[in-house]
Amino acid sequence: MRADPAARIVGTVWGLLVLNTLGSAGAKTIVPLPRSLIQMVTMGALVAAFALALALNLRLRVRASAFLLLLTLLLAASVISSVHLESGFGALFRCARLALFVGTLWLLTRWWDGGLAFVRHHIRMYFAVLGSVAAGLVVSPGAALPDLYGGRLVGALWPLTPPQIGQYAAVITGLTVLLLLGRRTDRTSAAVVIVPSLVLLALTHTRTATLGLLIGLALAIGSLLLTSAAARRFFTWAVLCVLVAGVGFASALQAWFLRGQSKENFSNLTGRAKVWDALLAAPRSTPEKLFGVGLGDKSFGGLPIDNSWLAVYNEQGLIGVTLVAAAVVVLGAVALLRPPSLQRACAIFLISYCAIASYTEAGLGDASPYLLHLTVAASLLATPVPAPPGPAPGVRRRRAPSWARTSEVV
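I will try to describe carefully the structure that is included in this document. Note that the coordinates shown come from a computational prediction; the quantities given were computed from them, not determined experimentally.

Rules used throughout
Residues numbered from 1 in each chain as written. Predicted model: local features only at pLDDT ≥ 70, side-chain atom pairs only at ≥ 80, totals over all residues. Heavy atoms only, no water. Phe/Tyr/Trp six-rings, centres within 6.5 Å; stacked < 30°, edge-to-face > 60°. Helix = DSSP H or I, 4+ residues; strand = E, 2+ residues; numbered from the N terminus. Buried < 20%, exposed > 50% of the residue type's maximum accessible area, 1.4 Å probe, protein only. Salt bridge = Lys/Arg side-chain N within 4 Å of Asp/Glu carboxyl O. Axes fitted to C-alpha atoms, helices over the stretch in contact; angles between N-to-C directions. Parallel < 35°, antiparallel > 145°, perpendicular 65-115°, else oblique. Left-handed = near helix turned anticlockwise from the far one by under 90°. Contact = heavy atoms within 4.5 Å. Nonpolar A, V, L, I, M, F, W, Y, C, P; charged D, E, K, R; others polar.

## Section: the packing of aromatic side chains
Phase 1 of the analysis: Summed over the entire model, instances satisfying the criterion amount to four aromatic pairs.
Phase 2 of the analysis: Ring geometry for tyrosine 126 and tyrosine 168: centres 4.7 Å apart, planes at 25°, overall stacked. Of this pair, tyrosine 126 sits in helix H5 (residues 117-139) while tyrosine 168 sits in helix H7 (residues 162-181), and the two are 42 residues apart along the sequence.
Phase 3 of the analysis: On the basis of relative accessible area, tyrosine 126 is assigned to the buried category, the value being 0%.
Phase 4 of the analysis: A centroid spacing of 5.3 Å and a plane angle of 70° characterise the contact between tryptophan 276 and tyrosine 359, whose relative ring orientation is edge-to-face. Taken together, the residues span a long stretch of sequence, with tryptophan 276 in helix H13 (residues 272-281) and tyrosine 359 in the loop between helix H16 (342-357) and helix H17 (369-380) at a distance of 83 residues.

This is the structure we're talking about:
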């Protein structure tokens, strides 16, 4: 049976969006890549994604989405905060990028049907990214595990930081486990994804991604306990394994978790707390409190903010924080109101992972993998479009207008 050509193109568009959000800053690669070249590739991928999505949806048939509506309002707030050029002309460039990003997501809503298609696209694309990381580790272990990052795994072929790699590995591991529990994939295919992803996650020593994976899976599987015997068995075995590992490997786990840091450095979150305190203590005018200073590189005083909420507050103000919080709350509320299902479990995993990671990672207020994760959750929570009833015998079927063929989703 041939695959739907439109579905293949949608997968290509999703892959281009993933490429755009990989970023241009990271570790030194085996072959030095100029930052201008990387930015040209990532921005070219976004333009190509928008063009393909538009060509595939020339009639602009979109589904109503509260989540994307809130992202559109966030874009408007970003433009208002950026026109003053406090962050330079780069702020307007970032607004244009966010506009193309959100516009592409709107065009893809035509294929939101509450199914698992976007989950599979997500897993395939990020598994390909992790494949490049593994290839870099094989080709040049020294470049992939540099002393500059304390021996943590980085991208040696494409500049990826340990938190990025850890995030991608944790997300596709969690989604693949849920597909396995829902019998939507076989054990061999699941092992091909899960085993190498967990190895790469361990090599990154990324605490946020590890906690997000464990807590997100616990919540997602917990939503299936009443309806899935496989989920109950997996949950029981997982709890036993955690208890055994906690007792037998406590010292090794503690050493991995601390990453050789002192307790003082660990308590202030590797210096993040100092940046957060300085950001909150900085004087701001009323417009800056409401709208922020415009889209930037998620840094303050030359140091990364590494907190989604404070990054949004700095760049898009209290209005931006309110819109981002509303988007996350809307998705979470709809997920809780849905009946138990595999799609609901995957959505809960993605939402909870993003909520946990938002404490030590930035990205919820701009084009980023986190917005892609939440978009996949929104597509999973979409209400399937009912098939139109067939015409009665002898009655000529009339074509419904385009506005009547849309239905509301999250």
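Further notes follow.
## Some thoughts on the pattern of salt bridges
Phase 1 of the analysis: One pass over the structure, following the stated rule, counts three salt bridges.
Phase 2 of the analysis: Between aspartate 306 and arginine 272 there is a salt bridge, with its nearest N and O atoms 3.5 Å apart. Of this pair, aspartate 306 sits in the loop between strand E2 (303-304) and helix H15 (308-337) while arginine 272 sits in helix H13, and the two are 34 residues apart along the sequence.
Phase 3 of the analysis: Taken together, the salt bridges that share partners define one network made up of Lys298, Glu315 and Asp366.

## Structural notes on the packing of H5 against helix H8 (residues 187-204)
Phase 1 of the analysis: Relative orientation of the contacting elements H5 and H8 amounts to 55°, with a least axis distance of 11 Å. Regarding the angle of H5 to H8, the classification is oblique. Both H5 and H8 take part in a crossing whose hand is left-handed. On the side of H5, the interface is formed by Ile123, Phe127, Leu130 and Leu137, while H8 contributes Val192, Val193, Pro196, Ser197, Leu200 and Leu203.
Phase 2 of the analysis: Tallied by class, residues from the contact of H5 with H8 come to nine nonpolar, one polar and no charged.

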